[in-house]
Amino acid sequence: MKLLIILIVVLAIIAIAQLTKVYEMSRSLRKNKEEDIPAADNKMNASLWLVWMFVFFFATIYLYIKYGNYLPESASEHGVAVDQLMLVNIAMITVIFFIVNFFLFYFAWKYQYKKGNKAKFFAHDNRLEMLWTLVPGVTLAFIIVYGLITWNAITGPASADAIQIEVYSRQFDWTVRYSGDDKTFGASSFNLISSSNPLGLISAEGIREKLEEIEGDIENLESQIKANESDHLLPESYVKSLEDRVYRLKRHKQRIMDLDETEVNGLSTWETGFDDKVVKGEMHIPVNKEIEFIFRSQDVIHSAYMPHFRAQMNTVPGTPTRFKMKPTITTAEMRNKLGDSNFDYILLCNKVCGAAHFNMQMKIVVETEEEYNAWLAAQKVVKAPETEDEGDSADAETEKKDTVTTAMKP
Ligand SMILES: [Cu+2]
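(A) Expanded view of the overall build of the protein chain. If you tally the helices and strands in the protein chain, you get nine helices and twelve strands. The proportion of buried residues among the 410 residues of the protein chain is 16%.

Okay, here's the thing in structure tokens:
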């Protein structure tokens, strides 16, 4: 099949070369020079510029109408300002587009070659220089200042009673964390990330489990190295790689032991995380309440894109980013407005982050505050509070902490 295609291409090239030759020979027979262009050809080319201008303008207008409004009205408060900014920019660009392109094609037609026409020599004009420096300068300054004012209003600090939601990205899904009644997220560390703890939440148990896992691995590797000291069965390079892994695991262990248990509101940082709620699959948010999103990423840069709310923010490994917004239309209201009972808000990844990037999405449900509270109450907390009586659980707590403190001493 491939050979056939190559053959066709080669034959086509030969055919074109032969046709060109025939054309050149016929031209020399007519005694015309190659660079001589007949007046009729010249005129037709000039008129075609005008025809193309109309096709181009109509195509542009058609595309504006067909694709200009692919999103429904903004479902967030700041989104109205974003739409306004976008509209002003597009309006200015459109006006300039039509003026510039009109002159481009019109002049190509007007100044077509005519026998005897001579170009005027015109080197400099201060008024013209001023005009084409000042007009774009002022226009661009307006766009930038207007954009910055809007951007600063959107990205300013969130109010104190804003609901905080952590949006956590990794290849290739989203996880959401709600901070619970204490309004404080439990601390997390990438050193504790494991299949059972994808967010790397810090807890006494999490630390102990991870340390046990690492110690087990170190022991296993060291016993292999030790056995080799007597029987020398392993190749030297392999022993080197084992030693390297032991070194890395020990450093990882040290980093985990360095995690501190700083106090926040009288609770240790990991205790503040016990009432957090980790949710996958869909994110619920209440309408008309300010929400502050905190974005984190486990692996590469992703981008949290919520088109219906005109919101987008990169999620960067190692650097939490944030964005505040106030949704104004519930999912049910938007379904009514659009007459589409299947409509859902969506969170998409908008950075090409790997093979399954296209499918990295999550449903967003905007509902009334009562519905939201009921939904949130039904979600599981990270660690349920102890049910035994006070004295017992306090003892258990001290005991647990002792274990960790011992483990934490290198
Ligand atoms: Cu992604």
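(B) The sheet that holds strand S8 (residues 302-306), seen in detail. Pairing in this open sheet of five strands is mixed, and the strands run S6-S12-S11-S8-S9 from one edge to the other. Of all strands in the sheet, those with a lone pairing partner are strand S6 (282-286) and strand S9 (311-315), marking the two edges. The sheet shows a mean angle of 20 degrees between the axes of neighbouring strands, taken without regard to direction. As paired strands, S8 and strand S11 (residues 345-349) are joined by two bridges and run antiparallel to one another. Among the inter-strand pairings, tyrosine 305 is bridged to a residue of S11, identified as leucine 348. Here helix H8 (residues 369-377) sits on the sheet and contacts S6 and strand S12 (361-367); the angle it forms with S6, its principal contact strand, is near 140 degrees.

(C) Up close: the packing of helix H2 (residues 39-67) against helix H3 (residues 77-110). At a closest axis distance of 7 Å, the pairing of H2 and H3 adopts a crossing angle of 160 degrees. Compared by their axis directions, H2 and H3 come out roughly antiparallel. In this structure, H2 crosses over H3, and the sense of that crossing is left-handed. Within the contact between the two elements, H2 uses Ala46, Ser47, Trp49, Leu50, Trp52, Met53, Phe56 and Phe57 and H3 uses Phe98, Asn101, Phe105, Ala108 and Trp109. Taken together, the residues that form the contact of H2 with H3 break down as eleven nonpolar, two polar and no charged.

(D) Layout of the environment of valine 278. Checked against the element boundaries, valine 278 lands in strand S5 (residues 277-280). With 19 C-beta atoms packed within 10 Å, valine 278 lands in the partly exposed category. Here the alpha-carbon distance between valine 278 and valine 381, two residues 103 residues apart in the chain, equals 7.2 Å.

(E) Looking closely at the pairing of S12. Judged by which residues are buried, S12 turns out to be one-sided: Met362, Ile364 and Val366 face inward and are buried, whereas Gln361, Lys363, Val365 and Glu367, on the alternate face, are not. In the sheet, S6 pairs with S12 via five bridges, with the strands oriented parallel. Following the sheet pairing, glutamate 282 is matched in S12 by lysine 363. In this structure, S11 lies alongside S12, joined through four bridges in antiparallel fashion. Bridging from a neighbouring strand, tyrosine 345 pairs with isoleucine 364 of S12.

(F) Quick look at the sheet that holds S5. Spatially, five strands are ordered S5-S2-S1-S7-S10 in an open sheet, and the strand pairing comes out mixed. Looking at strand neighbours, the two that pair on one side only are S5 and strand S10 (321-325), the edges of this open sheet. When strand polarity is set aside, the average angle formed by the axes of neighbouring strands in this sheet is 25 degrees. When strand S2 (residues 173-178) meets S5, the two strands line up antiparallel, connected through four bridges. Counterpart to valine 176 in the pairing with S5 is valine 279.

(G) Inspection of helix H1 (residues 2-29) at higher detail. The end-to-end C-alpha distance of H1 is 41 Å, a good match for the 40 Å that 28 residues give at a rise of 1.5 Å each. Counting buried positions along H1 yields zero of 28 residues, so the element is predominantly exposed.

(H) Representation of the nonpolar core. Ranked by internal contacts, the top residues of the largest apolar core, which has 28 residues, are Val167, Trp174, Met283, Met306, Leu347, Ile364 and Val366. Elements represented by at least two residues in this core include exactly strand S1 (163-170), S2, S6, strand S7 (291-297), S8, S10, S11 and S12. Here the element with the most residues in this core is S12; it accounts for three residues. Setting aside residues up to four positions removed in sequence, tryptophan 174 forms contacts with Val167, Tyr168, Ser169, Leu347 and Met362.

(I) Here's a closer look at unusual backbone geometry. The linkage connecting glutamine 171 with the following residue, phenylalanine 172, adopts the cis geometry, with an omega of 0 degrees. At asparagine 288, a position not held by glycine, the phi torsion is positive, near 55 degrees. Even without glycine at this site, arginine 310 takes up a positive phi of about 55 degrees. Positionally, arginine 310 belongs in the loop between S8 and S9. Looking at arginine 310, the number of C-beta atoms within 10 Å reads 21, which means it is buried.

(J) Examining the packing of helix H5 (residues 204-231) against helix H6 (residues 236-257) more closely. The contact between H5 and H6 brings their axes to 10 Å, and the two run at 155 degrees. In terms of orientation, H5 lies roughly antiparallel with respect to H6. The handedness of the crossing between H5 and H6 is left-handed. Only Val239, Leu242, Glu243, Arg245, Val246, Leu249, Lys250, His252, Lys253 and Ile256 of H6 make contact with H5, whose side of the interface consists of Ile207, Lys210, Leu211, Ile214, Asp217, Ile218, Leu221, Glu222, Gln224, Ile225 and Asn228. Of the residues contributing to the contact of H5 with H6, the split by class is eleven nonpolar, three polar and seven charged.

What counts and how
- Residues numbered from 1 in each chain as written.
- Predicted model: local features only at pLDDT ≥ 70, side-chain atom pairs only at ≥ 80, totals over all residues.
- Helix = DSSP H or I, 4+ residues; strand = E, 2+ residues; numbered from the N terminus.
- Buried ≥ 20, exposed ≤ 12 C-beta atoms within 10 Å, placed from the backbone.
- Pairing = 2+ DSSP bridges.
- Axes fitted to C-alpha atoms, helices over the stretch in contact; angles between N-to-C directions.
- Contact = placed C-beta atoms within 7 Å.
- Parallel < 35°, antiparallel > 145°, perpendicular 65-115°, else oblique.
- Left-handed = near helix turned anticlockwise from the far one by under 90°.
- Nonpolar A, V, L, I, M, F, W, Y, C, P; charged D, E, K, R; others polar.
- Expected span 1.5 Å × (residues − 1).
- Core = buried A, V, L, I, M, F, W, Y, C linked by C-beta atoms within 7 Å.

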